[in-house]
Every structure is written in C-alpha cells, then in structure tokens.
Amino acid sequence: GAPYSTLVPSDEVTINYRHGLPVITLTLPTRSERCQFTVKPVVTTVGAFLQDVQREDKGIERAEVFATDGSKVSDATLMEVLLMNDFKLVVNNTAYSVSPPAKEMLSSEHATEMEDIKSLVHRLFVALHLEDHQIRKERELLQKLDHLKEELLPLEQMKARITDRADAKTSRLLWVGLALMSTQGGALAWLTWWVYSWDIMEPVTYFITYGSAMAFYAYFVLTKQDYIYPDAKDRQFLHYFYQKSKKQHFNVERYNKLKEDLAEAEESLRRLRQPLHLRLPIQEINDKD
C-alpha cells in the first residue's frame, strides 16, 4: 500500500537559499509551529536531516523521504543529491510534496557571495596550516637526505677506489697502445732502410694499413660507434669499472638509485624553500620550470 495517507501541497514545506545554503522550513506536527533547518548539502545526509527534525519535535515517530516514483531515499544519500529533484517528505502519516528551487534560479549575488566565502575559507586554511605543513615536510626531507647520505657514504668510498683503479688501468692501456705503435713504426723504418728496400716493404705497409682499417670497422660493427679516441677511452674505462665492481661486490644499480633519490629529495627541498612555489600545484611548478 501507500507509505502515507495524506498528501499536503508543497507550500507546507519550502526551501530557500540563504548565504548559499538551503534552508528547509516545515511545520512541526506536535507544536504546530514553523521551524527552519539549515543544512550543509555537501556533508549532510538525508538521515542526519531527518534526525534533526525528530530531535526538534519529540512527537514525530516517523520521518522518511521518498522519490516522486514512490521509492524510498536512502538515509546515506547526500542532501545535495536530494535537492536536485522533487521529493516527498513523510512526517508521521502526512506526506509533503517538496519542489526544491533550481540552481539556475539562484541570484548572482548569492553565487558571488558563496564564492567569496569559499575563497576566504581557503585563504584562512592556507594561513593557518601552510606554515606547519611546510615545516613538517621540510623536516621529513631533511631526515630523508641524512638517511640517503648515510647509505651513500660507504658506497661513495668504494666507488672512488674502483674509479681510481679503473682509470689507472685505462691509462696504462693507452700508454701500451702508444708504445706498440712506436715499436711498429721503428720496426718498419729499420726494415725499410737497413734490412730491405722500400720496394719490398711497401706491400707490407699497405697490408698493415688495410688491417688497421679492418680493425676499426670491426670495432664499429661490434659497438655501433665510430672509433673516436675519447669515446673508446670512456668505453674501456666503463668496462674496467664494471669488471672491478663485480669483484668488489659493488652494487651499481643500488648506487644509481640512491643518487637519483638524493637528487630528487634535494630538488623537492629547493622548491619547498622557494616562496613563489609554495602555493603552486606540482603541475604548475613543472610548467614554469
């Protein structure tokens, strides 16, 4: 059957907006007087509103809200959602037909006043909580920096030793290469002027040059890089570095990850200490940078 016995016109329950908040006015059945209920639509639920009505008039035994199709509205529904459409408010055995005013009907003065209130609340929140949040975040970043530096210290020392050894070995290799080239030049000169003639040595020097060109081409095929002396030196250095890191049990991946975390924490601390960036979202900061 019907959830109520009497349907009362909508003027018995009125909804008006005051200072941007809906004010629901209805007649209390026991006290027979009009009572206003100001609700916060974005936080107040239907159940909380009905409890306020029953608390105001102890003679109310039943208070429910139904949609226009007769279905009951859940107590967990927000008043903001309820006020989007017409509904029926049932108090005891009386049902009130309620038609909330459309949002478009709100005056521009009320809308502007609400925006000013929101802006004021935001500024007050920033003034009260931003400094505390900044200090707390700065303390967290400083603690993180200390922890990362403590972890990096033994790795930095080990890396420095490995780097020195790899650099020394690379330098020795370069000097050995220079010595071999000098020996080769001297041998060719000795064979040309003291042992054989240039007619005999010319083909030998040609094939040595051709062999060197083949060696450089093989280097390109294997490394996909031109044989440029600084690049070749750096490549050999890295080869020795990773070789010695493996022997010394130096975790290169962990070291790189700690260095990246340290750089990120230092950058976050730098931005936190810049007054112009304090109130900007991260996306806007990235855009400006």
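To be clear, the structure that these remarks concern was listed above.
Residues numbered from 1 in each chain as written. Predicted model: local features only at pLDDT ≥ 70, side-chain atom pairs only at ≥ 80, totals over all residues. Heavy atoms only, no water.

Caption draft 1: Broad picture of the layout of surface pockets. Volume-wise, the largest pocket comes out at about 760 Å³. Forming the boundary of the largest pocket are 20 residues, of which Gly177, Met181, Phe216, Tyr227 and Tyr229 lie nearest the centre. Taken together, the elements giving at least two residues each to the lining of the largest pocket come down to helix 3 (108-195), helix 4 (198-223) and helix 5 (229-248). Tallying contributions element by element places helix 3 first for the lining of the largest pocket, with 10 residues. Broken down by class, the residue content of the lining of the largest pocket amounts to 13 nonpolar, five polar and two charged. (1 Å grid on protein atoms, 1.4 Å probe; cavity = no way out; pocket = protein on both sides within 12 Å on 5 of 7 lines; lining within 4 Å. Points joined across faces, edges and corners; volume = space filled by probe spheres on them. Helix = DSSP H or I, 4+ residues; strand = E, 2+ residues; numbered from the N terminus. Nonpolar A, V, L, I, M, F, W, Y, C, P; charged D, E, K, R; others polar.)

Caption draft 2: Region of the structure containing helix 1 (residues 46-56). Of the positions making up helix 1, those classed as buried are Val46, Gly47, Phe49, Leu50 and Val53. In an axial view of helix 1, the angular spread of the buried residues amounts to 160 degrees, which keeps them on one side of the axis. In this structure, the buried side of helix 1 is in contact with strand 3 (21-28), strand 4 (33-38), strand 5 (63-67), helix 2 (79-82) and strand 6 (87-91). (Buried < 20%, exposed > 50% of the residue type's maximum accessible area, 1.4 Å probe, protein only. Arc of directions from axis to C-beta. Contact = heavy atoms within 4.5 Å.)

Caption draft 3: Looking closely at the environment of Phe250. The residue Phe250 is located in the loop between helix 5 and helix 6 (252-272) in this model. Between the alpha carbons of Phe250 and Leu155 there is a distance of 7.5 Å; along the sequence they are 95 residues apart. In this structure Phe250 touches Leu155, Met158, Lys159, Ile162, Phe241, Ser245 and Tyr255, once residues within four positions along its chain are discounted.

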